[in-house]
Amino acid sequence: MSTPWYRPPDGYDARRFDVDNGDTALLAWNDSEAYWLGNTETPSTLWRTDKYGFSEVPEAMATWAERELLAELYEQTPWLEAYPNLSWFFLPVFLSKDGRETTRRFFDEHAAGFPDATREDALSFFEEFLGTGVLDDYREVMAGKLGTSERLDLTRMTAAMGEFNAARILSEAGYEVTPEIAVTTGHSLDFRADGGDDGTLVEVTRPLPPTKRAADTAVAAVRETAKTKTDGQLEAHGGGVVLFVDCSSFADDEWRRIRAERPDVRHRPAVVFRVRPSGRVEWYEKGTVPLDLNAKAANVD
């Protein structure tokens, strides 16, 4: 137990707890209330207390706590300090009890799912997009999609970043994106894209390249992955959803084959696209897509 690294909000006392296993907790209190936060096991005496997210507590308390936690993150992982927007956004998983090592490894060793890309290029790409703030209100939901497991699940993490890629395309095309839209079938779809009077529902899927799945070609991988969506969520929903197929996991030669063949994905309307860390986007459409995606992108047609 020690004093915090930074001064707590006015009117509060505070203590910092650093556990031998790397967990951290912060306690701040005054005469009328107290806040406990961190990635330790919650003490049993606190099990029945009210739980709040960062956005639900006084701004001064959230700012102090995040400052403490970001300083710890940068001390442990210095290369993240160059990416403050990304660090802040993914703080809930970068310092989670079980997922802190795996989520950092995903960005460090696997370039956040981009093939043939450096860590710096990949992180700069997401740093720029997250700096726009378009997903700030949904940080806990979107960051949590990476998972908080001790096992590095590249399939899940890469698929999660596909949703960020889709959100960036929609945002740059002028649409307001809202994640996790509940529909009448009991499912949740990835986004609603609002522009003008009408909103468009969007579901995202991200095929694995053939070297990492049973499909022996890139074209087959696109078809098989899209089929899992069309036979499940989209079939149950009964139409009215645009399927976004993110091919950003494919290397240049694999994408060239997909682009040349333009395989059907068993659902219309659909957008099949590939993003590179440079910000370049290429895509083709199947069916009549009720979205205008002309911003910063090159249509394959």
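Preceding this paragraph is the structure being described.
Below is a summary of the structure that appears in this document. Quick caveat, the model's predicted, so the values are computed rather than measured.

The next subject is the pairing of strand β4 (residues 176-182). For β4 and strand β5 (residues 188-195), the ladder comprises six bridges, and the chain directions are antiparallel. Each bridged residue has a counterpart across the sheet, and for V177 the counterpart in β5 is A193. Counting the residues between successive antiparallel strands, the hairpin from β4 to β5 contains five residues, one of them, G186, with a positive phi of roughly 95 degrees.

A few words on the packing of helix α4 (residues 100-109) against helix α7 (residues 154-172). Two elements in contact, α4 and α7, have axes whose closest approach is 11 Å; the angle formed by their N-to-C orientations is 65 degrees. α4 and α7 meet at a crossing whose hand is right-handed. The segment α4 lies against α7, with T102, T103, F106 and F107 engaging L154, M157, T158 and M161. Classifying every residue of the contact of α4 with α7 by side-chain character gives five nonpolar, three polar and no charged.

Looking now at the nonpolar core. By size, the foremost hydrophobic cluster in this structure holds 65 residues, and its most contacted members are L86, F90, F107, F164, F244 and L291. For F164, the residues in contact, after removing those within four places along its chain, are F89, F90, F126, F129, L130, L135 and M142. Listed in part, the 20 residues of the second largest apolar core include L189, F250, W255 and V265.

A few words now on the sheet that holds strand β1 (residues 13-18). With antiparallel pairing, the three strands of this open sheet are ordered in space as β1-β2-β3. Every other strand in the sheet has two partners, leaving β1 and β3 (34-38) as the edge strands with one partner each. The average undirected angle you get between the axes of adjacent strands in this sheet is 10 degrees. Where β1 lies against strand β2 (residues 24-29), six bridges are found, and the strand directions are antiparallel.

The subject of this paragraph is the packing of helix α5 (residues 119-130) against α7. To describe two helices that pack against each other, one gives the angle between their axes and the distance between the axes. At a closest axis distance of 11 Å, the pairing of α5 and α7 adopts a crossing angle of 50 degrees. Here α5 lies oblique to α7, going by the angle between them. In the packing of α5 onto α7, the handedness of the crossing is left-handed. Where α5 abuts α7, its residues F125, F126, E128, F129 and L130 lie against M161, F164, N165, A167, R168 and S171. Residues of the contact of α5 with α7, tallied by class, amount to seven nonpolar, two polar and two charged.

With respect to the helices and strands, the residue E163 is situated in helix α7. For E163, a relative accessible area of 10% gives the class buried. With sequence-adjacent residues up to four places away left out, E163 is seen in contact with M142, K145, D190, F191 and V204.

With respect to the helices, strands and loops of the structure, L26 is situated in strand β2. On the accessibility criterion, L26 (0% relative accessible area) is buried. Through-space distance from the C-alpha of L26 to that of R15 is 6.0 Å; in sequence the pair is 11 residues apart. Apart from residues no more than four positions distant in its own chain, L26 is found in contact with R15, R16, Y35, W36, L37, W64, A65, E68 and L69.

In this section: the pattern of salt bridges. Under the counting rule described, the total for this entry stands at 22 salt bridges. A salt bridge links R119 to E120, with the shortest nitrogen-to-oxygen separation between them at 3.3 Å. Judged by its relative accessible area of 38%, E120 falls in the partly exposed class. A salt bridge links D194 to R192; the nearest nitrogen and oxygen atoms lie 2.9 Å apart. Residues joined by salt bridges that share partners form a network here, namely R16, D18, E68 and E72.

Analysis parameters
- Residues numbered from 1 in each chain as written.
- Predicted model: local features only at pLDDT ≥ 70, side-chain atom pairs only at ≥ 80, totals over all residues.
- Heavy atoms only, no water.
- Pairing = 2+ DSSP bridges.
- Helix = DSSP H or I, 4+ residues; strand = E, 2+ residues; numbered from the N terminus.
- Axes fitted to C-alpha atoms, helices over the stretch in contact; angles between N-to-C directions.
- Left-handed = near helix turned anticlockwise from the far one by under 90°.
- Contact = heavy atoms within 4.5 Å.
- Nonpolar A, V, L, I, M, F, W, Y, C, P; charged D, E, K, R; others polar.
- Core = buried A, V, L, I, M, F, W, Y, C linked by side-chain atoms within 4.5 Å.
- Buried < 20%, exposed > 50% of the residue type's maximum accessible area, 1.4 Å probe, protein only.
- Parallel < 35°, antiparallel > 145°, perpendicular 65-115°, else oblique.
- Salt bridge = Lys/Arg side-chain N within 4 Å of Asp/Glu carboxyl O.

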